Amino acid sequence: MFYIGSHISASKGYEAMGKQALKLGANTFAFFTRNPRGGKAKEIDPADVEKFLALAKEHEFGKLVAHAPYTMNACAAKEDIRRFAKEILTDDLLRMEFTPGNYYNFHPGSHVGQGVDTGIDLIAGLLNEVLRPEQSTTVLLETMAGKGSEIGRNFEELQAILEKVTLRDKMGVCLDTCHVWDGGYDIVGDLDAVLEEFDRIIGLEHLKAIHMNDSMNPLGSHKDRHEKIGQGQIGLKAMERIINHPKLQGRPVILETPNDDAGWTKEIAMLRNLHS
Ligand code: FE
Ligand code: FE
Ligand code: ZN
């Protein structure tokens, strides 16, 4: 089964997200658990969730890939910012249990001058405080482009976090094509080598989801500017190889391209066509 979708607005609730996904031709999607800039989350309506779960079952949706607010910084230098990250993570993981068994993706954080090792310790420390053995959600670390002091700029940094997490079976990785490309991994010239490296350092079984974005910038630019599929420096041929790679099958593919509904509908149809 090929699971593909885009980011969808969560403002009208779960059933509305499911219906919107179907309208786009999607069978998975991403959504922000709260305002992407942080802030208070909307109350969850169990009846709305019920309707969504029925719809997702009927249409054989794949796992959802929820996204934490991108302002959240688990390894900030200021304690109150880290405390805020803990509150968000704790609350979001409770909310995720309304739709059991899905993915919750977050940007590991920026060490803001404290150094990579301190950043990694803070991120793993926070995860050890908030993960619970009884949760059904898998928390994903996203591969980052490495702009500024971002942690997760290479596979080694992600693995260094994962190694320090006690409940490791609750953790996985989300590979963002724009970010790894900007981070210097040549998924255009040698996808096999990149996947072998991922497998050697992290293990491909821990790769749970893919963010599929083209990049405005060249390999290794550390910029993180997403482009529409096939219109950037990665190109459509490489995207086709990624979605058809035997080692990447079954993972939800999420578009975070600069688009409107018509644009995502087109990209989803195009990628479905290219998936053999
Ligand atoms: Fe992201
Ligand atoms: Fe992403
Ligand atoms: Zn990005």
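Predicted, not measured: the structure shown is a model, and the values here were computed from it.

Draft legend 1. Just the coordination of the iron ion (ligand 1), in detail. On the protein side, the iron ion (ligand 1) has His-67 (NE2), His-107 (NE2) and Glu-142 (OE) as donor atoms, found 2.1 to 2.3 Å from it. Mapped onto the polypeptide sequence, the residues donating to the iron ion (ligand 1) form the spacing pattern H-x39-H-x34-E. The iron ion (ligand 2) is placed at 3.2 Å from the iron ion (ligand 1), the two being bridged by Glu-142. Of this pair, His-67 sits in strand S2 (residues 65-67) while His-107 sits in the loop between strand S3 (103-106) and strand S4 (109-110), placing them 40 residues apart in sequence. You'll find His-67 and His-107 in the same group, each marked buried.

Draft legend 2. Main features of a negative patch on the surface. On the surface, a cluster of negative charge is made up of Asp-190, Asp-192, Glu-196, Asp-199 and Glu-205. For Glu-196, the location among the structural elements is in helix H7 (residues 191-201). Owing to a relative accessible area of 49%, Glu-196 belongs among the partly exposed residues under this scheme.

Draft legend 3. Here's a closer look at the nonpolar core. Among the nonpolar cores identified, the biggest contains 73 residues, and Phe-29, Tyr-104, Leu-127, Ile-161 and Met-212 are the most heavily contacted of them. The biggest single contributor to this core is helix H4 (residues 116-130), with six residues. When sequence neighbours within four positions are dropped, the list of residues in contact with Met-212 reads Thr-177, Ile-229, Met-239, Ile-242, Ile-243, Val-253, Ile-254, Leu-255, Glu-256, Thr-257 and Leu-271. Ala-30, Leu-140, Cys-174 and Ala-209 belong to the second largest nonpolar core, which has seven residues in total.

Criteria and cut-off values
- Residues numbered from 1 in each chain as written.
- Chains lettered and ligands numbered in written order.
- Predicted model: local features only at pLDDT ≥ 70, side-chain atom pairs only at ≥ 80, totals over all residues.
- Heavy atoms only, no water.
- Donors = N, O, S within 2.8 Å, 3.2 Å for Na, K, Ca; no water.
- Helix = DSSP H or I, 4+ residues; strand = E, 2+ residues; numbered from the N terminus.
- Buried < 20%, exposed > 50% of the residue type's maximum accessible area, 1.4 Å probe, protein only.
- Patch = residues over 30% accessible without salt bridge, like charges linked within 9 Å, V, L, I, M, F, W, Y side chains within 5 Å.
- Areas by Shrake-Rupley, 256 points an atom, 1.4 Å probe, with all protein chains shown as cover.
- Salt bridge = Lys/Arg side-chain N within 4 Å of Asp/Glu carboxyl O.
- Lys, Arg positive; Asp, Glu negative; His and termini not counted.
- Charge placed at Lys NZ, Arg CZ, Asp CG, Glu CD.
- Core = buried A, V, L, I, M, F, W, Y, C linked by side-chain atoms within 4.5 Å.
- Contact = heavy atoms within 4.5 Å.

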